[in-house]
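# Observations on the three-dimensional arrangement
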Amino acid sequence: MDETVAEYIRRTVLKIPRDEIKSMLQTWGFLSETQLQTLNFHQTKDNISQDVVQLCEDNSADIKQAAVLDIIYNHIYPNKRIWSVYQMNKTGEETDFFDLTDFKKKFKRRLQSALKNVTINFREYEDNAIWIRIAWGTPYKKPNQYKTSYVVYHSQTPYVFISASVLRSTLPLLCQALVVASNYHDIREMELRSHCLNSLKDIAFKRYSQTFQTYYPRPLQERNVAPENVDLRIIQENRSEKERIQRVNREVFGDGPQPKLEFAQYKLETMFKSNPKMDVLDIKEPFRCLVKFSSPHLLESLKSLAPAGLADAPLSPLLTCIPQKARNYFKIRERKGFFPGSFVSP
Amino acid sequence: MESEARTLPSAGRLSGAARLSRGPLFGRAHGRFGPGSGGPLPPCSQENADPQKTAFLLRKQWALYSVTPLYKFSSGKLREYARLLGAFIAAERHKGLAVQVGVDLDIQVTFSSLPDLKGSEQDHAAMLVQLSSRSSVSPKNSEEKLMWSGWFCCVSGDDLSENVPEDFTCLPLFLANGAESYVAIVGSWFQKTFDCRFRRLAISPLNLTWMAAMWTGCKVEKNASATELVFSVPCLPQPLDISYAIHPEDAKALWDTVQKTPGEITQEEVDLFMDCLYSHFHRHFKIHLSATKLVKVSTAIASAHCDGIIKFLQSKYLIGVLMLLTELAISQIQ
């Protein structure tokens, strides 16, 4: 067995949490049940990985088989990578029957003819997703197994989820191969990125819960008994303002849990309009800013801003449109014309 | 060493700090060095600080501390201090209390003076302490590796130095780069030897707004980095950070329309600058940044974090930034 293959298997095993190594190796299916029984999973991970490599040696594993183990790991831990959503377009009305064998053949041929050295693996999952792992080489260099690209493609949709290789120059070729293999005309990045692949799917496939039309007001339950010396009208006013914020928030964000995104970015090139109270000259040129929001769960934290008194209700459409527009990277310019308070995002 | 947020200085004190820093920051003399003070111009203008000699201070993260005046410190004894501190570290290691370093490592201590880092005649020369390691197995052919550095300085700290008894040396600002465990051990030796006290120097959000305004107003070359303000939003079920970066030219243009008082910066101007940025942000996102916490400011001049961490980025403005930090350290001591 090639030394680089042995090292790759060893490092892949080291990435897996110890109590999941056995089940991942079973899913892999490369080692027999008898071989797996000889493994001692109670020793250090380093020793386990050495033993696994030894067994793979006995079965003379090659890189294609080692790559499958990597796909299994990435399928279970997709959040270790950052994913970007792409959408493909057709020119005409023609609806092609999707043929997986044909897709694989075309995809491989496109990359191999360009690079010669490239490792390509496919693996299909029950949710109709095809996972593709690509390790990139050049006509003169062996593929680098540590700088892979991952593609998750749902053939019944025009969406592709790509976790690009750090070798950025490979991206155009990868996109080309996808378009050719799936009989589309072109592909574009949707400017929607996250570590959470499932949330990206929820947003792209519009699977997240929205309760825009189906909202029934419910009285808020306030158990606090107001102190007697406070004006009841003020209490009433506070309560109705709270209720309004809750209602508006629910209309905008819905009732259900939000899809998980970690960031949103806005490049602003809008006019700086000073508040008349501030006695500052208007600046005639666009005011250039870059605003980044980051949070372990961005949409949930945005949702909690207005109830916490940190933002107006409703929150700006620039923020609340993220799931509907299926993007979290924006470039904002001033809209020319009638509405001074409105912006466009091209 | 305790870490404690300092209380907000009064507006009057702050505007004093700004006058102080503005002079050297803008290459002009103001405030106490201005007309009427009678003294000569401070030897702190950028021409005096040799950029070569202070280049190693740039682009590193320095943790800030305030230090009370050192008792019976003598700059003629730096060699002896190095030897004593070296022995102290060795003894601590022997006790097993000290930092974990490889058993085979010798720690080399050096003390040196940084005479360029001064603001006024009365300022004591800055002092650098460096710890480097050398393998004790083969000390001859192994290279020395710098593990930790820390420096004491006082830039225009006349407020303090004028008011301490003889026998005391004022170096109120201490900056450290490297493992915090070394700060503890070096700090305890200084504490023991010179009867001084170290305290973490946090930077309040109010002082951060001053830094944002002052540094934005400084002239820098083209392609300078943006004025970036980082806010953290407290008390949400999920934490949220907001980075608001403004193109340096546009930020300076805004500051120039806000800044009207000739020769000094006022609290009102700084507040107005921030309010303008907040209202521009609110117009787009409907979020009230004024209700969040400003945690970090970075500009082409320097970057500062509220936890008391600073990074100097331009040797030209090093003295000016140190002057402001000295002011903050002194107000923490007093």
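Residues numbered from 1 in each chain as written. Chains lettered and ligands numbered in written order. Predicted model: local features only at pLDDT ≥ 70, side-chain atom pairs only at ≥ 80, totals over all residues. Heavy atoms only, no water.

### Considerations on the overall build of chain B
Helix and strand content of chain B: nine helices and 14 strands. Across the 334 residues that make up chain B, the buried fraction comes to 54%. A total of about 14,400 Å² of accessible surface is found on chain B, and carbon and sulfur atoms cover 50% of it. (Helix = DSSP H or I, 4+ residues; strand = E, 2+ residues; numbered from the N terminus. Buried < 20%, exposed > 50% of the residue type's maximum accessible area, 1.4 Å probe, protein only. Areas by Shrake-Rupley, 256 points an atom, 1.4 Å probe, with all protein chains shown as cover.)

### Focus on the overall build of chain A
Helix and strand counts for chain A come out as 12 helices and 10 strands. For chain A, contacts bridging at least 24 residues in sequence account for 67% of all contacts bridging at least 6. Summed over its atoms, the accessible surface of chain A is roughly 18,700 Å², and 51% of this surface lies on carbon and sulfur atoms. (Contact = heavy atoms within 4.5 Å.)

### Some words on the interface of chain B and chain A
By a frequent convention, interface size equals the accessible area lost on bringing the separate parts together. Across the contact, 36 residues belong to chain B and 42 residues belong to chain A. Taken together, the two surfaces of chain B and chain A that pack against each other cover about 3,300 Å², and 65% of this comes from carbon and sulfur. Among the residues chain B hides against chain A, the three largest losses belong to Arg 283, His 284 and Phe 285 of chain B. Together they make up 21% of the total. Inspection of the chain B/chain A interface yields three salt bridges. In this structure, the salt-bridge partner of Arg 283 of chain B is Glu 334 of chain A, at a minimum N-O distance of 3.7 Å. At the level of secondary structure, the elements contributing two or more residues to the side of chain B that touches chain A comprise strand S11 (240–246), helix H7 (248–258) and helix H8 (267–285) of chain B. Top contributing element to the side of chain B that touches chain A by residue count: H8 of chain B, with 11 residues. Along the lines of polarity and charge, the residues of the side of chain B that touches chain A split into 20 nonpolar, nine polar and seven charged. (Buried area = accessible area lost by both parts, 1.4 Å probe. Salt bridge = Lys/Arg side-chain N within 4 Å of Asp/Glu carboxyl O. Nonpolar A, V, L, I, M, F, W, Y, C, P; charged D, E, K, R; others polar.)

### Some words on the nonpolar core
If you look at the biggest cluster of nonpolar residues, it comprises 132 residues, and the most contacted ones within it are Tyr 266 and Phe 293 of chain A together with Trp 151 and Phe 312 of chain B. Setting aside residues up to four positions removed in sequence, Tyr 266 of chain A forms contacts with Cys 289, Leu 290, Val 291, Phe 293, Leu 318, Leu 319, Ile 322, Phe 330 and Ile 332 of chain A together with Phe 285 of chain B. (Core = buried A, V, L, I, M, F, W, Y, C linked by side-chain atoms within 4.5 Å.)

### Notes on unusual backbone geometry
The omega torsion of the bond from Ala 313 of chain A to Pro 314 of chain A falls at 0 degrees, within 30 degrees of zero and hence cis. For Pro 314 of chain A, the location among the structural elements is in the loop between helix H10 (298–303) and helix H11 (317–320). Non-glycine residue Ser 60 of chain A carries a positive phi angle of around 40 degrees. Tracing the sequence through the fold places Ser 60 of chain A in the loop between helix H4 (45–58) and helix H5 (63–76). The phi dihedral of Asp 195 of chain B is positive, around 55 degrees, even though this residue is not glycine. Relative to the assigned elements, Asp 195 of chain B resides in the loop between helix H5 (180–194) and strand S9 (198–201).

### Concerning the domain arrangement of chain B
Residue and element names in this part refer to chain B. Assigned domains within chain B: domain 1 (20–62 + 202–333) and domain 2 (63–200). At the interface, 33 residues of domain 1 touch 29 residues of domain 2. Roughly 2,600 Å² of surface becomes buried between domain 1 and domain 2 when both sides are summed, with 67% attributable to carbon and sulfur atoms. For the pair domain 1 and domain 2, the interface holds seven residue pairs in polar contact (both at pLDDT 80 or more). Top element by residues in the side of domain 1 that touches domain 2 is helix H9 (residues 318–333). It accounts for 11 residues. By residue class, the composition of the side of domain 1 that touches domain 2 is 21 nonpolar, six polar and six charged. (Domains from an automatic or database assignment. Polar contact = N/O pair within 3.5 Å; in protein donor to acceptor, adjacent residues only side chain to side chain.)

### Quick word on the pattern of salt bridges
As a working rule, side chains carrying opposite charge can pair if their charged atoms are close by. Residue and element names in this part refer to chain A. For the structure on display, the rule yields 21 salt bridges over all chains. One salt bridge in this structure joins Arg 10 and Glu 7, with 3.2 Å as the shortest N-O distance. Of this pair, Arg 10 and Glu 7 both sit in helix H1 (residues 3–15), three residues apart, roughly one helical turn. Between Arg 207 and Asp 202 there is a salt bridge, with its nearest N and O atoms 3.0 Å apart. Relative accessible area serves as the criterion here: at 47%, Arg 207 is assigned to the partly exposed category. Since its relative accessible area comes to 23%, Asp 202 is described here as partly exposed. Residues participating in the shared-partner salt-bridge network are Glu 7, Arg 10, Arg 11 and Asp 46.

### A word on the packing of helix H2 (residues 18–28) of chain A against H4 of chain A
When two helices pack together, their arrangement is given by the angle between their axes and by how far apart the axes lie. Residue and element names in this part refer to chain A. Relative to each other, H2 and H4 sit at 15 degrees, their axes nearing to 11 Å. The angle between the axes of H2 and H4 places the two elements in the roughly parallel class. Once H2 is placed against H4, the crossing between them reads as right-handed. Along its contact with H2, which presents Arg 18, Ile 21, Leu 25 and Trp 28, the element H4 presents Lys 45, Ile 48, Val 52 and Cys 56. (Axes fitted to C-alpha atoms, helices over the stretch in contact; angles between N-to-C directions. Parallel < 35°, antiparallel > 145°, perpendicular 65-115°, else oblique. Left-handed = near helix turned anticlockwise from the far one by under 90°.)

### Structural notes on the packing of H7 of chain B against H8 of chain B
Residues and elements named next belong to chain B. Here H7 crosses H8 at 135 degrees, and the two axes come no closer than 9 Å. As the angle between them shows, H7 and H8 are arranged oblique. Viewed along their axes, H7 and H8 form a crossing whose handedness is right-handed. Residues Ala 251, Leu 254, Trp 255 and Val 258 of H7 pack against Glu 269, Val 270, Leu 272, Phe 273, Cys 276 and Leu 277 of H8. Looking at the contact of H7 with H8, its residues break down into nine nonpolar, no polar and one charged.

### Examining the sheet that holds strand S2 (residues 118–124) of chain A
Within a beta sheet, neighbouring strands are joined by backbone hydrogen bonds and run either parallel or antiparallel to one another. All names here are of chain A. The six strands are arranged S2-S3-S4-S5-S1-S6 in an open sheet whose pairing can be described as antiparallel. The open sheet has two edge strands with one neighbour each: S2 and strand S6 (186–194). For this sheet the average axis-to-axis angle between neighbouring strands, irrespective of direction, equals 25 degrees. Judged from the eight bridges that link them, strand S3 (residues 129–138) and strand S4 (residues 141–154) form a sheet pairing that is antiparallel. Across the sheet, Thr 138 pairs through a bridge with Lys 141, a residue of S4. Where H5 meets the sheet, its contacts fall on S2, S3 and S4, and the angle it forms with S2 comes to roughly 50 degrees. Contacts from helix H8 (residues 197–204) reach strand S1 (83–89), S3, S4, strand S5 (159–163) and S6, with the element oriented near 155 degrees to S5. (Pairing = 2+ DSSP bridges.)

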